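The primary structure of each chain is shown beneath.
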Amino acid sequence: MADMKTMKKHPMPEQDAKVRAHNFDEVSYGYTEEIAVLEADRCLNCKNMPCVSGCPVNVPIPAFIERVRAKDYEGAYERISAVSSLPAVCGRVCPQERQCEEKCVRGIKGEPVAIGRLERFVADRHNAGKKAPAATPTPNGRRVAVIGSGPSGPTCAGDLARLGYGVTVFEALHTAGGVLVYGIPEFRLPKTIVQTEVDNLKALGVEIETNVIIGKTLTVDEIFAKGYDAIFIGSGAGLPNFMGIPGESYKGVYSANEFLTRSNLMKAYKEDPETPIMKGGRVAVVGGGNVAMDAARTALRLGAEKVYIVYRRSMEELPARAEEVHHAEEEGVEFRLLYNPTEILGYRNPDDRRDPKNGFVTGMRCVRMRLGEPDEQGRRRPVEIPGSEFLLDVDVVVIAIGTSPNPLIKSTTEGLEVNRRGGIVVEEATGQTSREGVFAGGDAVTGAATVISAMGAGKIAARAIDEYIKNKYKS
Amino acid sequence: MYRIAKKTVLNPTVTEMWIHAPLVAAKAEPGQFIILRVDEEGERIPLTVAGTDREAGTVRIIFQIVGATTEKLNHKEAGDFIQDFAGPLGVPTVTEGIRRVLIVGGGVGCAIAYPVAKKFHDLGCEVVSVIGFRSKDLVILEDEFRAASDRLFVMTDDGSYGRQGNVCLPLGEMFGAGERFDKVIAIGPLIMMKFVVEATRPTGIPCDVSMNPIMIDGTGMCGGCRLTLCRDGRRVTKFACVDGPDFDGYEVDFDEAMSRGSMYREFEARKREETCNLFKAGK
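Fair warning: this is a prediction, and the values are worked out from it, not measured in the lab.

## A look at the overall build of chain A
Here is step 1: Per the secondary structure count, chain A includes 19 helices and 16 strands.
Here is step 2: Compactness check: chain A gives a C-alpha radius of gyration of 23 Å against a globular reference of 23 Å for 475 residues, within 12% of the reference.
Here is step 3: Oriented by its inertia axes, the alpha-carbon framework of chain A measures out at about 75 × 65 × 50 Å.
Here is step 4: Burial statistics for chain A: of 475 residues in total, 57% are counted as buried.
Here is step 5: Put simply, 70% of the contacts in chain A that link residues at least 6 apart link residues at least 24 apart.
Here is step 6: Of the accessible surface of chain A, which amounts to about 20500 Å², a share of 50% is contributed by carbon and sulfur atoms.
Here is step 7: Taking the average place of the 61 positive charges on the side chains of chain A and the average place of its 63 negative ones, the gap between the two points comes to 1 Å.

## As for the domain arrangement of chain B
All names here are of chain B.
Here is step 1: Parsing chain B into structural domains produces domain 1 (2–89) and domain 2 (93–210).
Here is step 2: Computed from C-alpha coordinates alone, the two centres of domain 1 and domain 2 are separated by 24 Å.
Here is step 3: Contact residues are listed per partner, giving 16 residues for domain 1 and 14 residues for domain 2.
Here is step 4: When residues of domain 1 are sorted by the area they lose upon contact with domain 2, Asn 11, Pro 30 and Arg 60 head the list and together hold 37% of the total.
Here is step 5: Counting the contacts that link domain 1 with domain 2 gives four residue pairs in polar contact (both at pLDDT 80 or more).
Here is step 6: Considering only residue class, the side of domain 1 that touches domain 2 consists of eight nonpolar, six polar and two charged.

## Structural notes on the interface of chain A and chain B
Here is step 1: Listed per partner, the contact involves 45 residues of chain A and 43 residues of chain B.
Here is step 2: Buried surface at the junction of chain A and chain B, both sides included, amounts to about 3700 Å², of which 55% is carbon and sulfur.
Here is step 3: Across the chain A-chain B interface, the total number found is three salt bridges.
Here is step 4: The shortest N-O distance in the salt bridge between Lys 27 of chain B and Glu 222 of chain A comes to 2.5 Å.
Here is step 5: Of all the secondary structure elements, the ones that give two or more residues to the side of chain A that touches chain B are β5 (239–240), β6 (253–255) and α14 (256–263) of chain A.
Here is step 6: Class assignment for the residues of the side of chain A that touches chain B results in 20 nonpolar, 15 polar and ten charged.

## Details of the packing of aromatic side chains
Here is step 1: Per the stated rule, a full pass over the model turns up ten aromatic pairs over all chains.
Here is step 2: Ring centres 6.1 Å apart and planes at 50 degrees place the aromatic pair Phe 24 of chain A and Phe 187 of chain A in the tilted group. Here Phe 24 of chain A is found in the loop between α2 (17–20) and α3 (33–40), whereas its partner Phe 187 of chain A is found in the loop between α11 (179–182) and α12 (191–203), with 163 residues between them in sequence. The two residues Phe 24 of chain A and Phe 187 of chain A agree in class, both being buried.
Here is step 3: Within the aromatic cluster, the residues linked to one another by ring pairs are Phe 24, Phe 187 and Tyr 269 of chain A.
Here is step 4: Taking NZ or CZ as reference, Arg 143 of chain A lies 4.2 Å from the ring centre of Tyr 228 of chain A, over its face.
Here is step 5: Positioned above the aromatic ring of Phe 181 of chain B is the side chain of Arg 100 of chain B, whose terminal nitrogen or guanidinium carbon lies 4.6 Å from the ring centre.

## Regarding the pattern of salt bridges
Residue and element names in this part refer to chain A.
Here is step 1: Using the criterion set out here, one finds 60 salt bridges over all chains in the structure.
Here is step 2: As a salt-bridge pair, Lys 472 and Asp 229 come within 3.5 Å of each other at their nearest N and O atoms. With Lys 472 in helix α19 (residues 451–472) and Asp 229 in the loop between α13 (220–225) and β4 (230–233), this pair connects stretches of sequence that are 243 residues apart.
Here is step 3: We note a salt bridge from Lys 306 to Glu 334, for which the minimum N-O separation is 2.7 Å. Note that Lys 306 is positioned in strand β8 (residues 306–311) and Glu 334 in strand β9 (residues 334–337), a separation of 28 residues in sequence.
Here is step 4: Glu 334 sits in the partly exposed class, given a relative accessible area of 22%.

## A look at the pairing of β8 of chain A
Along a regular strand, successive side chains alternate from one face of the sheet to the other.
Residue and element names in this part refer to chain A.
Here is step 1: Counting buried residues in β8 gives five out of six residues, a clear majority hidden from the surface.
Here is step 2: When strand β7 (residues 282–286) meets β8, the two strands line up parallel, connected through five bridges. For Val 283, the partnering residue across the bridge sits in β8 and is Val 307.
Here is step 3: For the crossover that starts at β7, traverses helix α15 (residues 290–301) and ends in the parallel β8, the hand is right-handed.
Here is step 4: Bridge count between β8 and β9: four bridges; the pairing is parallel. What sits directly across from Tyr 308, in β9, is Glu 334.
Here is step 5: Following the chain from β8 across helix α16 (residues 322–331) to the adjacent parallel β9, one finds a crossover that is right-handed.

## Section: the sheet that holds strand β7 (residues 84–89) of chain B
Residues and elements named next belong to chain B.
Here is step 1: With antiparallel pairing, seven strands are arranged side by side in an open sheet as β6-β1-β2-β5-β4-β3-β7. Edge strands, defined here as strands with exactly one partner in the open sheet, are β6 (81–82) and β7.
Here is step 2: For strand β3 (residues 33–37) and β7, the ladder comprises four bridges, and the chain directions are antiparallel. Residue pairing for β7: Ile 35 is matched across the bridge by Ala 86.
Here is step 3: Across the sheet, helix α3 (residues 110–122) touches β4 (45–53) and β5 (58–64), and the angle it forms with β4 is around 35 degrees.

## Concerning the nonpolar core
Here is step 1: Ranked by internal contacts, the top residues of the largest apolar core, which has 60 residues, are Met 364 and Val 397 of chain A together with Leu 102, Val 104, Val 130, Val 196 and Met 211 of chain B.
Here is step 2: Take this core: its biggest share by element is five residues, from helix α6 (residues 190–200) of chain B.
Here is step 3: Core analysis: the second largest hydrophobic core is formed by 53 residues, Met 12, Leu 86, Cys 90 and Val 198 of chain A among them.

## A short note on the state of the cysteines
Here is step 1: Under the counting rule described, the total for this entry stands at zero disulfides over all chains.
Here is step 2: Lacking any disulfide linkage, Cys 156 of chain A is separated from the closest cysteine sulfur, that of Cys 90 of chain A, by 15 Å.
Here is step 3: Counting only cysteine sulfurs, Cys 168 of chain B is the nearest neighbor of Cys 207 of chain B, a cysteine outside any disulfide, at a range of 9.6 Å.

## Examining the environment of Arg 69 of chain A
Residues and elements named next belong to chain A.
Here is step 1: The topology assignment puts Arg 69 in helix α5 (residues 61–69).
Here is step 2: The class for Arg 69 is partly exposed, based on a relative accessible area of 27%.
Here is step 3: Separated by 53 residues in the primary sequence, Arg 69 and Asp 16 place their C-alpha atoms 29 Å from one another.
Here is step 4: Those residues in contact with Arg 69 that lie beyond four places of it in its chain are Val 37, Ala 40, Asp 41, Cys 43 and Asn 45.

## Considerations on the packing of α15 of chain A against α16 of chain A
All names here are of chain A.
Here is step 1: Their axes nearest at 10 Å, the elements α15 and α16 cross at an angle of 25 degrees. As judged from the angle between their axes, α15 and α16 are roughly parallel. The handedness of the crossing between α15 and α16 comes out as left-handed. On α16, the residues touching Asn 290, Met 293, Arg 297, Leu 300 and Arg 301 of α15 are Glu 324, Val 325, His 327, Ala 328 and Glu 331.
Here is step 2: Each residue belonging to the contact of α15 with α16 can be placed in one class, and the counts come to four nonpolar, two polar and four charged.

Each value, and the rule that gives it
The written sequence of each chain sets the order in which its residues are numbered from 1. For naming, the first written chain is A and the first written ligand is 1, with later ones following in the order written. In view of the model being predicted, local features appear only for residues whose pLDDT reaches at least 70, and side-chain atom pairs are presented and counted only at 80 or more, with totals across whole chains, interfaces and linings using the full set of residues. Computation of side-chain values: all heavy atoms of the structure, hydrogens and water removed. Helix numbers and strand numbers start at the N terminus; a helix is a DSSP run of H or I with at least 4 residues, a strand a run of E with at least 2. Using C-alpha atoms as the atom set, the radius of gyration is obtained and then compared with a globule rule of 2.2 Å times the number of residues to the power 0.38. Relative accessibility thresholds used throughout: buried, under 20% of the residue-type maximum; exposed, over 50%; partly exposed, between the two (1.4 Å probe, protein chains only). We call two residues contacting when some pair of their heavy atoms lies within 4.5 Å. Here the Shrake-Rupley method, with its probe set to 1.4 Å, supplies the accessible areas, and only the displayed protein chains count as covering residues. Positive: Lys, Arg. Negative: Asp, Glu. His and the chain ends are not part of the count. The location of each charge is read from NZ of Lys, CZ of Arg, CG of Asp or CD of Glu. What fixes the domain bounds is an automatic or database domain assignment. The term buried area refers to how much accessible surface (probe radius 1.4 Å) is lost by two components on association, counted for both of them together. Between N or O atoms, a polar contact is any pair within 3.5 Å; within protein, one atom must be a potential hydrogen donor and the other a potential acceptor, and residues adjacent in sequence are included only when both atoms are from side chains. Think of it as three bins: nonpolar holds Ala, Val, Leu, Ile, Met, Phe, Trp, Tyr, Cys and Pro, charged holds Asp, Glu, Lys and Arg, and polar takes everything else, Gly as well. When a carboxyl oxygen of Asp or Glu lies within 4 Å of a side-chain nitrogen of Lys or Arg, that pair is called a salt bridge. Side-chain rings of Phe, Tyr and Trp (the six-membered ring for Trp) are treated as a pair once their centres are within 6.5 Å; stacked means planes under 30 degrees apart, edge-to-face means over 60, and tilted covers the remaining angles. For a Lys NZ or an Arg CZ to count as sitting over a ring, it must be within 6 Å of the ring centre and within 35 degrees of the ring normal. When DSSP finds two or more bridges between a pair of strands, those strands are recorded as paired. Here a crossover is taken to be right-handed if, once the strands point away from the viewer, the path from the first strand over the helix to the second is traced clockwise. Structural elements are reduced to axes, namely lines fitted to C-alpha atoms, with helices fitted over the stretch in contact, and the angle between N-to-C directions of any two is expressed from 0 to 180 degrees. For our purposes a nonpolar core is just a set of buried Ala, Val, Leu, Ile, Met, Phe, Trp, Tyr and Cys residues, chained together by side-chain atoms within 4.5 Å. What counts as a disulfide here is a pair of cysteine sulfur atoms lying within 2.5 Å. Roughly parallel covers angles under 35 degrees, roughly antiparallel covers those over 145, roughly perpendicular covers 65 to 115, and oblique covers all other angles. Less than a right angle of anticlockwise turn of the near helix away from the far helix marks a crossing as left-handed, whereas a clockwise turn marks it as right-handed.

Structure below.
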């Protein structure tokens, strides 16, 4: 019997929007045990498990939810962690509404089961508890190098370590975690959670070497020369794209990568930081993805008086995760949809070249758009409305319109094939690149995508690397 | 953690350090840079490699004390450790096809220009160097430049040492006398490089400059180091960390680079003063 109670997800307790818009603490507190068990009870435990097919790494969803219902939370954790190396991360940042929850039968009449929230509950509960020391796998004597410690690398590293491989992860920055650390803000993914996941990896025997830039400090060929049998490249998305409109070099124009890295990795959000960032003022964030939402909400927390999301399509086409859009709106981010920037304006004092205000952003010229015919991907193409130009009064512009692949590995690895856009070419089923023993996955292959799809690619590559090495030493 | 193997004060505001970082030392070439952090809370700053000792596994850096980070770094002594030291980053200076080169260094930029001059010298090229400083007490690396150059001009703005005048003075004289070079390489303050480019332009000699914009990651991720090249009438965005730091000086939009470089000037000055006061209070 479907009574009204079971039609909706149990809401997750969270900080009041007005309060949290001014701090960097996590937005949501997560389910309590009581709510988790009630929510688990909504799962119909379908035989054909449509939700599992919606998950890029096929977490056995009904099985773990059944364990939650039985209050066997460690049992639930074991079921998730058997296939996912970052459950506390995925429970927070996956776009569940377009993956597992989209397929949930409950969703046909009412809201789907809150799978993401339950995953988060299980992972947090496990991480908070006393952990039995991880069983260190028996070493098989083979070594694998993993490039990058964002989501795909650690997934691949974890799976291989569990199979007995000696794994070294090389990270270019000073802290492990990749985009989870420099990109996703504290209020959405607390850094202690990433650290816990990194520690779990180390407990499996994985070595992490920071400050090593592959393609510069070491090359792919030099890694092989050190005795590694295979390499996984998960080096991430790369250089930020700019719009190519006048004024993008004025002071106060940031790429989202720069803005977020300053705030997250370099801790510019703290009181009296060593790394500067422009706080306050009026901020326009150009773009409609998760990165744009993160930048907008970060700007708000840094003390901006107004924050706009400037996006050239409408709310329907907004690619960000639904919960992030919802949270951003609640916190006071204003959406300027069907707007397209045409020029950024800067201050110029013609009488005083030394005026310190010279070169700082004073505004952004935009034009209104309407939606035209669908493009080849089925998204309606935005079309300029003639004569609709106007000026948005802003001091800071953050550009969040995607990235292009980083050239460092490609340019120093002979025989590594890349596509027209610079992404590494791989066999989808294995992650195998054009170089023997070299595998790749995540944003370095696909361009900017989600944490979970990168994890999926890391898993696929781990399986293929295991097979490759076994074959190599078979005879 | 990376150990400071050696420290030498070159002048009141410029310090030399050799940092133990074998992986970087094994690879670094003239023209490349490193990124360092002094401590756990510190910012990442780029510094150009001023030399390597591959056997000892050490990398030489020479820095001017301009902000909080360099102030803190300057308070470290030999035997102390710094938190992070990553590299080598950027593209090494191109040496192919050059037999006669004119190296122009300004101020602390000479620390970067010196290994470039030495590289050409070691390759058997004819090297003419012009190094310029504000005054006598700021002169650095003179002996090393002399050893690596076939001819050396030392200039000071106030005439307290060498010849009085800026680096463009001997350039103009040499060009005027019809001297030819395969390339001019200018490394120093933006304004100096801009003037060297303008002085060289009429000769048609290729002129490279070493750009040092604000950077964060230094690995091709944040885009903070972007600069604009004017190429064939179009404006092209480039990233100093992966495309540079050396660029064709004739293409660089120096005015924009100067403007961008001043973005945090106020912050830097305030931070440095705070750090100084902190050290004073500690003494």
